[in-house]
Amino acid sequence: MRWRRRVRLGALLLGLVLIASGIGVIVTGVYHQWLDQQQVAARAYNDSNALNAWKDGGSAALPGTPAATATPAATPTPVTISECGGGGASSDAYALVAFSGLPQYNYAGVAVNGDWSGLYDRSMVHWSGSPAAGGAGNVIIAFHREPNFEFIDQLGPGETVTIQDRSCTTYVYTVTQRWQLAPSDVTQLVPTSGHELTLVTCTPWWVDYDRLVWRADLTSVNGVAA
């Protein structure tokens, strides 16, 4: 009889340990999810402030070609302000990136210039080791899909991405390819010989186990065909 009591006691203790472990896993998961949501909320706040500051500086409307099928202007679009973003834009505001190929969502963001650590505080970064917009080579911009670009997976070949820099020059890139890849398979970030843009984000949103990668060619500068 005594050994049966010991077995029951052991089973009870084991059950309590398993329950406590399960509760710990749940609490840890909820805590990390809460941290992720706090980080996303902080990024959204910073992104909104940066975008509003850029637009308040006089750049609410991009003068670039809104779609790949549009006819480029015969002459460059006049620029009436000396610095896009104006004095209100923060010092880390590098370029305004608008996904002009998806006008139904009005997707746009202000990229900072730096390395991937910039993605802790902001949703979009221009890799500082790559050329500036319009430059020869492979311009690299990475961005978080949450909270601003959830339906960006609809961007496909033939559609456009418009970049405006602080000098008010506007570059339109037309998407030529799109891939969905495992993080270890992303090889499109190497230098190229053309005037190209590579965009990278995570997919699916809030899960982020794969990467969406777009390659685009420069097709116009200030409305003039490149």
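Values in this document were obtained by computation on a predicted structure and should not be read as measured data.

Looking at the overall build of the chain
No. 1: Along its length, the chain carries one helix and nine strands.
No. 2: For the chain, long-range pairs separated by at least 24 residues make up 64% of all intrachain contacts whose partners lie at least 6 apart in sequence.
No. 3: For the chain, the computed accessible surface area is about 12100 Å², with 58% contributed by carbon and sulfur atoms.

Some thoughts on the packing of aromatic side chains
No. 1: Counted under the stated rule, the structure contains nine aromatic pairs.
No. 2: Between F143 and W214 the ring centres are 6.2 Å apart and the planes differ by 20°, which places this aromatic pair in the stacked class. In this pair, F143 sits in strand β4 (residues 137-143) while W214 sits in strand β8 (residues 210-221), placing the two residues 71 residues apart along the sequence. The residues F143 and W214 share a single accessibility class, namely buried.
No. 3: Aromatic side chains F151 and W205 sit 5.3 Å apart centroid to centroid with 85° between the ring planes, which places their arrangement in the edge-to-face category. Here F151, found in the loop between β4 and β5 (160-165), pairs with W205, found in the loop between β7 (195-203) and β8; they are 54 residues apart in sequence, far enough to count as distant.
No. 4: Overall, the relative accessible area of 30% leaves W205 in the partly exposed class.
No. 5: Here a set of aromatic residues connected by ring pairs shows up, and it is made of F99, Y105, Y107, F143, F149, F151, W205 and W214.

With respect to the pattern of salt bridges
Between side chains of opposite charge, a pair can form when the charged atoms approach closely.
No. 1: According to the stated counting rule, one finds four salt bridges in the structure shown.
No. 2: Linking R122 and D47 is a salt bridge whose minimum nitrogen-to-oxygen distance equals 3.6 Å. Taken together, the residues R122 in the loop between β2 (108-114) and β3 (124-127) and D47 in helix α1 (residues 2-59) connect sequence positions 75 residues apart. Note on accessibility: R122 and D47 belong to one class, buried.
No. 3: Put simply, D92 and R122 hold a salt bridge, and the shortest N to O gap is 3.1 Å. Of the two residues, D92 is situated in the loop between α1 and β1 (95-98) and R122 in the loop between β2 and β3; the sequence distance between them amounts to 30 residues.

What about unusual backbone geometry?
No. 1: In this chain, E146 is followed by P147 through a cis amide linkage whose omega measures 5°.
No. 2: With respect to the secondary-structure elements, P147 resides in the loop between β4 and β5.
No. 3: Cis geometry is found at the peptide bond from T203 to P204, where omega equals -15°.
No. 4: Topologically, P204 is positioned in the loop between β7 and β8.
No. 5: Of note, the phi angle at C168 is positive, near 75°, even though the residue is not glycine.

With respect to the nonpolar core
No. 1: With 25 residues, the main nonpolar core has F99, I152 and L197 as its most contacted residues.
No. 2: The set of elements that each furnish at least two residues to this core consists of β1, β4, β5, β6 (170-181), β7 and β8.
No. 3: Setting aside its immediate chain neighbours within four residues, I152 contacts F99, L102, Y107, F143, R145, T201 and W214.

Thresholds applied
- Each residue is numbered by its place in its chain's sequence as written, counting from 1.
- Residue-level local features of this predicted model are given only where pLDDT is at least 70; pairs of side-chain atoms are given and counted only at 80 or more, and the full residue set underlies all totals for whole chains, interfaces and linings.
- Computation of side-chain values: all heavy atoms of the structure, hydrogens and water removed.
- The helix and strand labels rest on DSSP assignments: H or I over at least four residues marks a helix, E over at least two residues marks a strand, and numbering proceeds from the N terminus.
- The contact definition used throughout considers only heavy atoms, calling two residues in contact when any of these lie within 4.5 Å.
- Only the protein chains shown count as cover for residues, and the accessible areas themselves come from Shrake-Rupley with a 1.4 Å probe.
- Aromatic pairing here means that ring centres of Phe, Tyr or Trp (its six-membered ring) are within 6.5 Å. Orientation follows from the plane angle: under 30 degrees is stacked, over 60 is edge-to-face, and everything else is tilted.
- Only protein chains enter the accessibility calculation, which uses a 1.4 Å probe. A residue is then buried if its area is under 20% of the maximum for its type, exposed if over 50%, and partly exposed in between.
- Each salt bridge in this description consists of a side-chain nitrogen of Lys or Arg and a carboxyl oxygen of Asp or Glu lying within 4 Å of one another.
- Only buried residues count toward a nonpolar core, which is a set of Ala, Val, Leu, Ile, Met, Phe, Trp, Tyr and Cys residues joined through side-chain atoms within 4.5 Å.

Purely geometric numbers; function is a separate question.
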